[in-house]
Amino acid sequence: MDYQTYFRSALDDLRDQGDYRVFANLERHRGAFPQATCRNAPAAQDVTIWCSNDYLGMGQHPDVLSAMHDALDRCGAGAGGTRNISGTTHDHVLLERELADLHGKEAALLFTSGYVSNWAALGTLASKIPDCVVLSDALNHASMIEGIRHSRAQKLIWKHNDLEDLEAKLASLPLEQPKLIAFESVYSMDGDIAPIAEICDLADRYNAMTYLDEVHAVGMYGPRGGGVAEREGLMDRLTVIEGTLGKAFGVVGGYIAASVELCDFVRSFASGFIFTTALPPAVAAGAAASIRHLKASAAERDLQKARVAEVRARLDAIGIPHVPNPSHIIPVMVGDPVKCKYISDILMKDYGIYIQPINYPTVPKGTERLRITPSPVHSAADIDRLVSALGDLWTQCQLARMPMAAQ
Ligand SMILES: *Cc1c(COP(=O)(O)O)cnc(C)c1O
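Here we summarise the structure given alongside this text. (Residues numbered from 1 in each chain as written. Predicted model: local features only at pLDDT ≥ 70, side-chain atom pairs only at ≥ 80, totals over all residues. Heavy atoms only, no water.)

**So, the overall build of the protein**
For the protein, the count of helices and strands is 15 helices and 14 strands. Relative to the compact-globule value of 22 Å for 407 residues, the protein shows a C-alpha radius of gyration of 22 Å, a close match. Relative to its 407 residues, the protein shows a buried fraction of 54%. With an accessible surface of roughly 17,800 Å², the protein has 55% of that area assigned to carbon and sulfur atoms. (Helix = DSSP H or I, 4+ residues; strand = E, 2+ residues; numbered from the N terminus. Rg over C-alpha atoms; globule rule 2.2 N^0.38 Å. Buried < 20%, exposed > 50% of the residue type's maximum accessible area, 1.4 Å probe, protein only. Areas by Shrake-Rupley, 256 points an atom, 1.4 Å probe, with all protein chains shown as cover.)

**So, helix α7 (residues 163-171)**
Turn by turn, an α-helix covers 3.6 residues, leaving residues three or four places apart pointing in a common direction. Here α7 has its buried residues at Asp165, Leu166 and Leu170. Each buried residue of α7 lies within a common arc of 135 degrees when the element is viewed along its axis, so the set occupies one face. Residues of α7 that are buried make contact with β5 (133-137), β6 (154-158), β7 (179-184) and α8 (196-205). Where α7 begins, one side-chain oxygen reaches toward the backbone nitrogen of Glu164, 3.1 Å away; that side chain belongs to Asp162. (Arc of directions from axis to C-beta. Contact = heavy atoms within 4.5 Å. Polar contact = N/O pair within 3.5 Å; in protein donor to acceptor, adjacent residues only side chain to side chain.)

**Structural notes on the sheet that holds strand β12 (residues 353-354)**
Ordered by their spatial adjacency, four strands build an open sheet running β1-β2-β3-β12, and the pairing between neighbours is mixed. On the outer flanks of this sheet lie β1 (26-28) and β12, each paired with one strand and no other. Across four bridges, strand β2 (residues 35-38) lies against strand β3 (residues 45-49) in antiparallel orientation. Bridged to Gln35 within β3 is Thr48. (Pairing = 2+ DSSP bridges.)

**Points about the pattern of salt bridges**
Side-chain pairs of opposite charge can arise where the charged atoms are in close proximity. The tally for this structure, following the rule as stated, stands at 22 salt bridges. Of the charged contacts in the structure, one is a salt bridge between Arg39 and Glu27, with a shortest N-O distance of 2.4 Å. Remark: Glu27 occurs in strand β1 and Arg39 occurs in the loop between β2 and β3; sequence separation between them is twelve residues. A relative accessible area of 44% means that Arg39 is categorised as partly exposed. When its relative accessible area of 33% is taken as the criterion, Glu27 is described as partly exposed. The shortest N-O distance in the salt bridge between Asp101 and Lys295 comes to 2.8 Å. Of this pair, Asp101 sits in helix α4 (residues 90-102) while Lys295 sits in helix α12 (residues 281-296); the two residues are 194 residues apart in sequence, bridging distant segments of the chain. Residue Lys295 is classed as buried on the basis of its relative accessible area, which comes to 11%. Because the salt bridges share partners, they merge into one network encompassing Glu98, Asp101, Arg224, Arg292 and Lys295. (Salt bridge = Lys/Arg side-chain N within 4 Å of Asp/Glu carboxyl O.)

**Some points on α4**
Spanning 13 residues, α4 covers 18 Å between terminal C-alpha atoms, matching the ideal 18 Å at 1.5 Å per step. Among the residues making up α4, those that are buried are Asp91, His92, Leu95, Glu96, Glu98, Leu99, Ala100 and Leu102. Its buried side turned inward, α4 meets α2 (62-75), α3 (83-87), β4 (107-111), β10 (254-258) and α12. Just downstream of α4, Gly104 is the residue with a positive phi angle, here 60 degrees. (Expected span 1.5 Å × (residues − 1).)

**Re the site of the ligand**
As a structural note, the neighbourhood of the ligand is formed by 13 residues, with Tyr115, Asp213, His216, Thr244 and Lys247 the closest of them. Within the backbone of Gly114, a nitrogen or oxygen atom sits 2.8 Å from an oxygen atom of the ligand. Taking Tyr115, its main chain carries an N or O atom lying 2.8 Å from an oxygen atom of the ligand. Protein burial of the ligand: of its 380 Å² of free accessible surface, 83% is covered by the chains. (Near = heavy atom within 4 Å.)

**Looking at the nonpolar core**
Across soluble globular proteins, you tend to see nonpolar side chains buried next to one another. Counting 55 residues, the largest nonpolar core has Leu95, Ile181, Phe183, Ile196 and Leu245 as its most contacted members. Ranked by residue count, the leading element in this core is α12, at six residues. When neighbours within four sequence positions are excluded, Ile181 is seen to be in contact with Leu135, Trp158, Leu166, Leu170, Ile199, Ala203, Ala208, Met209, Thr210 and Tyr211. Grouped together as the second largest cluster of nonpolar side chains are 34 residues, Ala24, Ile49, Ile320 and Val332 included. (Core = buried A, V, L, I, M, F, W, Y, C linked by side-chain atoms within 4.5 Å.)

**A word on the packing of aromatic side chains**
Taken as a whole and judged by the stated rule, the model has three aromatic pairs. For the ring pair Phe111 and Phe273, a centre distance of 5.8 Å and an interplane angle of 80 degrees mean the geometry is edge-to-face. Of the two residues, Phe111 sits in strand β4 while Phe273 sits in helix α11 (residues 271-274), which places them 162 residues apart along the sequence. Judged on exposure class, the residue Phe111 and its partner Phe273 are both buried. With a centroid separation of 4.9 Å and 55 degrees between ring planes, the pair formed by Phe265 and Phe269 is classed as tilted. Taken as a pair, Phe265 and Phe269 lie in helix α10 (residues 260-269) at a separation of four residues, close to a single helical turn. Phe265 sits in the partly exposed class, given a relative accessible area of 25%. (Phe/Tyr/Trp six-rings, centres within 6.5 Å; stacked < 30°, edge-to-face > 60°.)

**What to know about the sheet that holds strand β8 (residues 209-213)**
Within the open sheet, the seven strands sit side by side as β4-β10-β9-β8-β7-β5-β6. Their pairing is mixed. Two strands close off the open sheet at either side, each with one partner strand: β4 and β6. Averaged over all neighbouring strand pairs, the angle between strand axes comes to 20 degrees, with direction disregarded. As paired elements, β7 and β8 share five bridges and run parallel to each other. The residue of β8 that forms the bridge with Phe183 is Leu212. (Axes fitted to C-alpha atoms, helices over the stretch in contact; angles between N-to-C directions.)

This is the structure we're talking about:
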């Protein structure tokens, strides 16, 4: 086989479908987010980022930066090993305590990313618990799907957020058979939110464990940023809460929070935990500072909600279609991969606005979109420029508008 030819033709197919991904080569500037420099050829350019998962701007927060500087000066760069082999530092221990407290759980366990935490925790629970069946929401994140697949456990996929379908699948299994319901709170592409209480009711009735990915909700919802389950008073009803330190907390890493026994079980059996170098202590210290700050301060969450409402209202005023949902994610629907990529390119080139196109396979074909994530650090002038640029491009691409809202 001519390997290079094979690679090239597979990539050409992707390009033909408009699904080839091109990175924006960005340089963020401390304290200036969401402004950044884009270093793609031909020339460096100032851009405003509108698609970051650093939802609250915590990646620039002075408390987070000073905690990281301090830990770097105290401890040096890397952890020096896996958690078993000299890689457990005091900063890791403190961060796990902070996380257990955030979710009202007995314990927490850190991983190098949210992806790894889902892959390792779901993979380990589903493979080690005898005869475990995983009931997985149809729109679960790739990291959950891969973890479940890796476990080789029996898997039943239930229709997205559909309680009737979940119940029918639960009822089809013997009551004594171990079951794990895996789902998310805020789904990242449509911004819809799961009926967590009702799913917990079904779990109780059918003797199932629950595993909730709160990656897009931690730091963002609830009085202390514990997520949607905290906001709804449900944290104690979930067997496992999984989250990331890389999105609203602005650093990097992932975790589960659960009982002492469950965390110890995953710690003891998960290959994706055991055989990889621990996060640098400075990362752990920065994440802990971010969590501590957001436990005590609702200012960032409140301002972000106001910005999200303002962007939605301004889009409505000029008829740009976006998916209504109860979260902070604004999916602006384009419905065509080539136009979606084109709009994104022109936004960057002519308007200095960065919103990456979301195309297949991240979303189904025909639902290509721009996913806008307003933050507390976007200004009124940033919003003006965004809305007027989208208005121009909607006209230029002859995209349909919604009936205008009364002004
Ligand atoms: C981003 C994401 C993850 C992975 O988290 P990382 O920390 O970025 O690896 C897991 N679940 C969902 C739903 C996500 O969107």
